[in-house]
Amino acid sequence: MTTKILEVNDLRVHFRLGGFWGKRAVIRAVDGISFFVNEGETLGVAGETGSGKSTIAKVLVGLYKPTSGTVKLMGEVINFRDGNSVAKLRENVGIVFQDPTSSLNPRLKVREIIREALVAAGVERSLHEERIRHIVPLVGLRPSVLDAYPRQLSGGEKQRVSLARALVVPKKLLILDEPTSSLDVSVQAQVLNTLKELKKELKLSYLFISHDLNVLKYMSTRILVLFYGKMVEIGSARKIVTEPKHPYTQELVSNLLDSPQPLSERLVMEHQPSFTGCVYSRICPFVMEECRTTHPPFYKVSDDQFVACHLFKKFPKAFDF
Amino acid sequence: MSLVSQNSELGEHDSQTLLSVNHLTVDYVSLDGHVRVLNDVSLAVKSGEVVGIVGESGSGKTTLGLAILGLLDTPPATIRTGEIVFEGKNLLKLSQNELAQIRGAQMSIVLQESVEALNPVYKVGFQLLEAFEAISKHEKTRYDPTNARNQVLKLLEELCISQPEAVLEKYPHELSGGMRKRVAIAMAIIQRPKLLVLDEPTTGLDAYVQSRLLKLLKQLNQKYKVTMIIITHDLPLATNICDRIYVMYAGRILEEGDAKRVLKLPLHPYTKALVSAVPTGFEDAPPLQVPPGEPPDLKRLPNGCKFNPRCPNKMKICEEKEPQLVQHGRGLVRCWLYDDKNT
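Fair warning: this is a prediction, and the values are worked out from it, not measured in the lab. (Residues numbered from 1 in each chain as written. Chains lettered and ligands numbered in written order. Predicted model: local features only at pLDDT ≥ 70, side-chain atom pairs only at ≥ 80, totals over all residues.)

Participant: Looking at this model, I keep getting lost on the overall build of chain B. Mind explaining?
Facilitator: Regarding its fold elements, chain B presents 12 helices and 12 strands. Taking 2.2 N^0.38 as the reference for a compact globule, 343 residues should give roughly 20 Å; the C-alpha atoms of chain B span a radius of gyration of 21 Å, in line with that estimate. For the C-alpha atoms alone, the extent of chain B along its principal axes is close to 70 × 55 × 45 Å. When burial is assessed residue by residue, chain B has 45% of its 343 residues classed as buried. (Helix = DSSP H or I, 4+ residues; strand = E, 2+ residues; numbered from the N terminus. Rg over C-alpha atoms; globule rule 2.2 N^0.38 Å. Buried ≥ 20, exposed ≤ 12 C-beta atoms within 10 Å, placed from the backbone.)

Rendered as structure tokens:
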């Protein structure tokens, strides 16, 4: 029986805008998301700008408080109003951001950047050097970079420093928020290879966020597809890529560059969410009357594929995926 | 294929060439010495063609794009040798005034950092309409604000911007990165230039906006015969839209050829590496085949072939002498594996 490292249930993150003189508005950045991450697996999160991918990541390291919903880490519910509880979350969950330049302090040497994570975790000072020496070769860096400043490093090296900082204190789950999208293709390939090795070596689980379906497919055990804050489909990477069920997932997959469809026949349309009924109903080519009024529940299409779409009504409703 | 003559009696091939870059060498000069960013780069773009320039950081592709438009800052850049011939005129010999006549109306660029293309203190709408006004002036036609506005709105809509009216009323900083990029692209194509240079047009854009954009560019190419140079690090993307591709590394062209051929049957080991570095399999797929090391440091280039420290097919000669760009089949390649002189 596999253990669930992380369980997220009906997570909602809403942001209030305006007020005072302006019009009040609520942005539902993340609206009713549930998923879990098994030990040793990579859950890929697919979605475009504004889909709430990064918001989820920020909740999971305690940077945002959820409006409602629960986050369970190794079976324990995290209370976001309790500092100790959030500290526990941060102790076990690491994060690597997209832009390696802005996430590293330009005035510190690499050694100090990595050391900060040890200080924050309260690791005894005498152990620091040993821990740093241990992690640096694991993420594929030469020990000589420890005395360099971030500006002296290439993009790939900077991203590896971010990785070292996230992992110098052992973690259970690593959140990778678009970790390779600012890197060159050959460097991206090197970093992806390192990530796969690290996962085995350190027995990690990943939450891998990317808009690049080619990368997600290569990295993930399962993929979760988001559209404007709502989950539309979740399932094994193979099923999602080869037999996408939700019309939105189908559209994403048809954009894969090695897909056989020629450029001119690809499904492309303007993306605007619908605020009533199914979030995709405004642009869905298969829209039906009920799509406009009720948001579809999740249907279990097969053991490893679940979709929120009225087209799949004949399948049993699912609550646990 | 050197100077292009406007004389129509010349060969058909020559009269079709819109732009040719001949033996261009560019150095960046700084206090700690000079760095050769482009080394004897030659390329030719025919009228109506879509040409891709593919390479990683430090390959000199952006410098090449800027040089074509005459936008290189000199200093620090110094053009050592070469010429850039556009419609028979050597752009490097023109005055700034003459260049200004050509830029915008005849050739235009979409910069990688779209923020730089927009003025932060004017609303987007004002800036887009300004571009429109400029063409009317250039073409000496009457400027009709309502018509211009409608055309701008239509163009924005085609670029997947859902509320174009609202966007016109915004300042650049109020837009997201992807949105700004699209506005910058709109601004560049409003003027229907003969040659459009796009520097990393799709980075930071969502997949569906990317494919929409590629479609639009393709349309632009087919409908209005806009010739394009697409500068990108993404080889599969380039092969999707381009007719022909140049692969660059360390300021040199390593391979040239038909786009589909380059992707399917790459010749140079570096091009092969670029193709195999793109992840295609599932989670259980074997590790990606990538050459070790990072893109080259132009200050410390190796002797011989510049790719040799990372090359899986390295031979003795590769460390000693740099290969020439030679004809192989219908393409060009700079590698000792394909050079007959290698004995």
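Having seen the model, we can carry on.
Participant: What is the right way to look at the sheet that holds strand β10 (residues 252-258) of chain B in this model?
Facilitator: Residue and element names in this part refer to chain B. Overall, mixed pairing links the 8 strands, which are arranged β6-β7-β8-β3-β9-β10-β12-β11 in an open sheet. At either margin of the open sheet sits one strand with a lone partner, and together these are β6 (107-110) and β11 (326-328). Taking the axes of each pair of neighbouring strands and ignoring which way they run, one obtains an average angle of 20 degrees across the sheet. Sheet topology places β6 next to strand β7 (residues 195-199); 4 bridges connect them, and they run parallel. Across the sheet, the residue bridging to isoleucine 109 is valine 197, located in β7. (Pairing = 2+ DSSP bridges. Axes fitted to C-alpha atoms, helices over the stretch in contact; angles between N-to-C directions.)

Participant: I would appreciate a short explanation of the sheet that holds strand β8 (residues 205-210) of chain A in the present structure.
Facilitator: In a beta sheet, neighbouring strands are held together by backbone hydrogen bonds and run either parallel or antiparallel to one another. All names here are of chain A. The sheet built from 8 strands is open, its strands ordered β6-β7-β8-β3-β9-β10-β12-β11 with mixed pairing. On the outer flanks of this sheet lie β6 (93-96) and β11 (299-302), each paired with one strand and no other. Looking at each pair of strands side by side, their axes are set apart by 20 degrees on average, direction ignored. Bridge analysis of strand β3 (residues 42-46) against β8 gives 5 bridges, and the strand direction is parallel. The partner of leucine 43 across the bridge, within β8, is leucine 207. In the packing of helix α1 (residues 53-60) onto the sheet, contacts are made with β3, β6, β7 (173-177), β8 and β9 (222-227), and the angle to β7 comes to roughly 150 degrees. (Contact = placed C-beta atoms within 7 Å.)

Participant: I tried to follow unusual backbone geometry on my own but got confused; where do I start?
Facilitator: As a rule of thumb, non-glycine residues mostly have phi less than zero, and peptide bonds are mostly trans rather than cis. One non-glycine residue, A:Glu178, adopts positive backbone phi at about 50 degrees. Along the chain, the position of A:Glu178 falls in the loop between β7 and α6 (185-201). Within the chain, B:Glu200 stands out as a residue other than glycine whose phi angle is a positive 45 degrees. Mapped onto the secondary structure, B:Glu200 falls in the loop between β7 and α8 (207-224). Accessibility expressed as a C-beta count within 10 Å gives 22 for B:Glu200, which makes it buried.

Participant: I keep staring at the packing of helix α5 (residues 155-167) of chain A against α6(A) and nothing clicks. Help me out?
Facilitator: When two helices pack together, their arrangement is given by the angle between their axes and by how far apart the axes lie. Residues and elements named next belong to chain A. Interaxial distance between α5 and α6 falls to 10 Å at its minimum, and their mutual angle equals 25 degrees. Looking at the two axes, α5 sits roughly parallel to α6. Both α5 and α6 take part in a crossing whose hand is right-handed. Contact residues: Gly155, Gly156 and Gln159 in α5; Val187, Gln190 and Val191 in α6. When grouped by side-chain class, the residues that make up the contact of α5 with α6 number 2 nonpolar, 4 polar and no charged. (Parallel < 35°, antiparallel > 145°, perpendicular 65-115°, else oblique. Left-handed = near helix turned anticlockwise from the far one by under 90°. Nonpolar A, V, L, I, M, F, W, Y, C, P; charged D, E, K, R; others polar.)

Participant: What exactly am I supposed to notice about the interface of chain A and chain B here?
Facilitator: Often the size quoted for an interface is simply the accessible area lost on bringing the parts together. Taken together, the contact between chain A and chain B spans 37 residues of the former and 35 residues of the latter. Among the secondary structure elements, those contributing two or more residues to the side of chain A that touches chain B are α6, α7 (213-219), α8 (237-242) and α9 (247-254) of chain A. Top contributing element to the side of chain A that touches chain B by residue count: α6(A), with 8 residues. Across the side of chain A that touches chain B, the residue classes break down as 13 nonpolar, 15 polar and 9 charged.

Participant: Just to check I follow, could you spell out helix α7 (residues 177-190) of chain B for this structure?
Facilitator: Residues separated by three or four positions in an α-helix point in the same direction, a consequence of the helix having 3.6 residues per turn. Residue and element names in this part refer to chain B. Here α7 contains 14 residues, and its C-alpha end-to-end distance of 20 Å stays within 8% of the 20 Å for a straight helix at 1.5 Å per residue. Of all 14 residues in α7, 13 are buried; the element is thus mostly enclosed. Once α7 finishes, arginine 192 follows within two positions and takes phi at roughly 45 degrees, a positive value. (Expected span 1.5 Å × (residues − 1).)

Participant: When you look at the environment of A:Val279 in this model, what are you seeing that I'm missing?
Facilitator: All names here are of chain A. Looking at the secondary structure, you find valine 279 in the loop between α9 and α10 (289-293). Of the residues examined, valine 279 has 26 C-beta atoms within 10 Å and is grouped as buried. Distance in space between the C-alpha atoms of valine 279 and lysine 230 is 7.2 Å, their sequence separation being 49 residues. Excluding residues within four positions of it along the chain, valine 279 makes contact with Phe227, Tyr228, Lys230, Pro273 and Ser274.

Participant: I would appreciate a short explanation of the packing of helix α4 (residues 124-139) of chain B against α7(B) in the present structure.
Facilitator: All names here are of chain B. Their axes nearest at 9 Å, the elements α4 and α7 cross at an angle of 15 degrees. Taken together, α4 and α7 sit at an angle that is classed as roughly parallel. Between α4 and α7 the crossing geometry is right-handed. Here Val124, Gln127, Leu128, Ala131 and Phe132 of α4 lie close against α7, whose contacting residues are Val183, Ala186, Met187 and Ile190. Considering only residue class, the contact of α4 with α7 consists of 8 nonpolar, 1 polar and no charged.

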